[in-house]
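# What the coordinates show
Listed below are the residues making up each chain.
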Amino acid sequence: MVDTQIFYYRLVFLAELLISEFLFAVRLPKRNHFVLRVSLSILSCFVLTFFFPIFSEHPLYLSIMFFMIFAYSLIALYMCFDCSFRSVLFVSLAAYTIQHIAYIIYSVLVETLYLDQIMDFLFSNNPYFNKDSVGGYSLITFIAYISIYFCVYWISYFTLAKRIIKNADMHIKNFAFIFLSIFLVVVVIVLNLISESNENEDIISYYLVNAYALLTCIASLIIQFSQLEEKNIRNELEVYKILFSERKKQYELSKKTIDIINIKCHDLKHQIHKINQNNVIDSDNIKEIEKSLDIYDSSFKTHNNALDVTLTEKSLIALDNNIKLCVIADGSLLSFMKSSDIYSLFGNAIENAIEALKEVDEELKVITLIVKQVNSFVSIHMENKYKGILNVVNGEIFTKKDDHNYHGFGLLSIKSIVEKYKGNISIDTKNNIFKLDIIFNVN
C-alpha cells in the first residue's frame, strides 16, 4: 500500500520547485507564445508526476522519483525560455537548492516547536483538523509552511535571483564547479531521505543531518553564484577593454581632426589670399572651403560616450565617401544598453547606410539619425536613400543593381540586439528610401 502522504507530497514538491524556478528564470529571455508554452509545460509536469509509479518507499527509489520530477521541470523550463541548456540547468539547480533549504527549515521548525503535537492536542476530537487530512498538513503546520516558504523564496529572489542579468546567457564555461554543485545537492537530498526513513534516529542525529544539509545547500549556492559573478566580471572587463580601445581611437581621431583642421586653415589662408589678389571667387575654392568646414561636424556630444565614439568614427568614414551624417540624438536615453551593444547597433546601421549610399547620386548622400524619447519609449529613426531593388536572402536585406552585384543591408546583428532589450524593429523601403525604426520601452 502506497503512503498517501508521499503520493500527494510529490505534487506539492513539484509546485514548490516550479515556483522557485520561475523566480530565478523570470529574467531570462522568453520564447515565442510564452504563456501557451508555460501552461502546457506545467500541465505536462503535473500529469507525468501524478502517474509516476511508486513501487517502493525505499530512499533510493524515492530519490530517483524526485530527480525525475526535477528533470520534468528542467525540460519544461527549457521549452519556455530562449537560452542555452546550461543557463536552464544553472537556474533549475539554484531553484532546487532553495526549495530544499525551505523544506529543511520548515521540517526542523515543525519538529522543534512540536507543531504537530500542539495541533493534535487542541483539535484531537475534530476530524477536520486531523494532521493527515490535507497531504500531511494541519492548520497550524500549513500556516508555518506558507510563511517559511514565502520568506525563503522572497529572500532568495532579492539576494540571488535579481543578480541574474536580464536576458543574459549564463553559460558557465567551468562546468566542473556546476557539476560539484549538482553532486553536493544530490548527496544532501539522498541523505535526507535516508534520514527521514530511519524511524530509530535520535534527535541529535536528526539535527546534525539537517544542519549538514543546510550548510551544503548554502555552499552549493555560493559555488554557483561565485561562478556567475566571475563570468559577469569577465564580460565587464571585455567591455572596459573595448571602451579603453575606443577612447584611444577617439583621442587619435580628435588629434587627426585637429591636424587636418590646421592644414585646411593654412590652405584657406592661401586661398583667401589668392581670392583677394585676383578679386575672383572661384567655385571650386568655395566647395573646398565648405568641405573643409564639414570636418568641424565630425565630433559628437550626445551625453553617451559609446554613441559619441561610434558617431565620430563613422562620420569620418562617411566624410571620406562624400556622405553627410545628420544626427539629432539624446544619448542619455540609451543608458539602459551596454556600451558594446551601442557600438554594434549604431555602428552596423551606419555602415550599412554608407555602403548603400555609395551607389547614390552625390546630392542624395545623406544619413539621418534621430534618437529621442516619445512618452515612455525611446525612439531610434535612421533613413537613407538606396539604389536598386531590395531582396531578402536568409533574413538579410540586400540591394541588387543592374550589374547583379549585391550590396548588403546586414540586419541580423541589429535585430538580435533589439530583441535582447525587448524592443521592436520595423523597416520601410518605399520610394527608394531605407527607413529603420527601433522602439524600446524604457519602463
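For the structure, check the block above.
To start, this report covers the structure provided alongside it. For clarity, every value in this text was computed on a predicted model and none was experimentally measured.

### Comments concerning the sheet that holds strand E3 (residues 377-385)
- The five strands lie next to each other as E1-E2-E3-E8-E7, forming an open sheet whose pairing is mixed. At either end of the open sheet lies a strand with only one pairing partner, and these are strand E1 (324-329) and strand E7 (424-428). Mean inter-strand twist for the sheet, computed between neighbouring axes without regard to direction, equals 10°.
- The pairing of strand E2 (residues 366-374) with E3 spans seven bridges and is antiparallel. Looking at the pairing, Val374 lines up with Phe377 of E3.
- Against the sheet, helix H11 (residues 339-357) contacts E1, E2, E3 and strand E8 (433-441), and its axis sits at roughly 20° relative to E3.

### Notes on a nonpolar patch on the surface
- Together, Leu43, Val47, Phe50 and Phe51 give the surface a local cluster of nonpolar side chains, amounting to about 410 Å² of exposed area.
- Among the structural elements, Phe51 can be located in the loop between helix H2 (34-50) and helix H3 (59-80).
- Assessed through its relative accessible area of 63%, Phe51 is described here as exposed.

### Section: the nonpolar core
- In terms of nonpolar packing, the biggest core is built from 57 residues, with Phe24, Met65, Phe66, Phe81, Ile98 and Phe225 touching the most fellow members.
- Looking at this core element by element, the count peaks at 15 residues for helix H4 (residues 85-113).
- Residue contacts for Phe81: discarding those within four places in its chain leaves Ala25, Leu28, Pro29, Lys30, Arg31 and Phe34.
- Judged by nonpolar contacts, the second largest core, of 38 residues, contains Ala349, Leu411, Phe434 and Leu436.

### Focus on the packing of H11 against helix H12 (residues 412-420)
- Between H11 and H12, the least distance of the axes is 9 Å, while the angle of their chain directions is 145°. Two packed elements cross with a definite hand, and for H11 against H12 that hand is left-handed. Side by side, H11 and H12 meet where Asp341, Ser344, Leu345, Asn348, Ala349 and Asn352 of the first sit next to Ser413, Ile414, Ile417, Val418 and Lys420 of the second.
- Within the contact of H11 with H12, the residues separate by chemical class into five nonpolar, four polar and two charged.

Basis of the calculations
Position labels on residues start from 1 in each chain and follow its written sequence. Predicted model: local features are reported for residues with pLDDT of at least 70 only, side-chain atom pairs are reported and counted for 80 or more only, and whole-chain, interface and lining totals are derived from all residues. No hydrogens and no water enter the side-chain calculation; it runs on all heavy atoms of the structure. For two strands to be treated as a pair, DSSP must find no fewer than two bridges joining them. Helix numbering and strand numbering both begin at the N terminus, where a helix is a DSSP run of H or I of at least 4 residues and a strand a DSSP run of E of at least 2. Lines are fitted to the C-alpha atoms to define the axes, a helix being fitted only along its stretch in contact, and any angle between axes, read from their N-to-C directions, falls within 0 to 180 degrees. Two residues qualify as a contact provided that any one of their heavy atoms is within 4.5 Å of a heavy atom in the partner residue. Two distance rules govern patches: like charges are joined within 9 Å, and nonpolar side chains (Val, Leu, Ile, Met, Phe, Trp, Tyr) within 5 Å, applied only to residues with over 30% relative accessible area and no salt bridge. Surface accessibility in these figures is a Shrake-Rupley result with a 1.4 Å probe; residues are shielded only by whichever protein chains are displayed. Take a side-chain nitrogen of Lys or Arg and a carboxyl oxygen of Asp or Glu: if they are within 4 Å of each other, that pair is a salt bridge. Only protein chains enter the accessibility calculation, which uses a 1.4 Å probe. A residue is then buried if its area is under 20% of the maximum for its type, exposed if over 50%, and partly exposed in between. Think of a nonpolar core as a cluster: buried Ala, Val, Leu, Ile, Met, Phe, Trp, Tyr and Cys residues, connected wherever their side-chain atoms sit within 4.5 Å. Two helices crossing with the near one rotated counterclockwise from the far one by less than a right angle form a left-handed crossing, whereas a clockwise rotation gives a right-handed crossing. Residues are sorted three ways: Asp, Glu, Lys and Arg are charged, Ala, Val, Leu, Ile, Met, Phe, Trp, Tyr, Cys and Pro are nonpolar, and all the rest, Gly among them, are polar.

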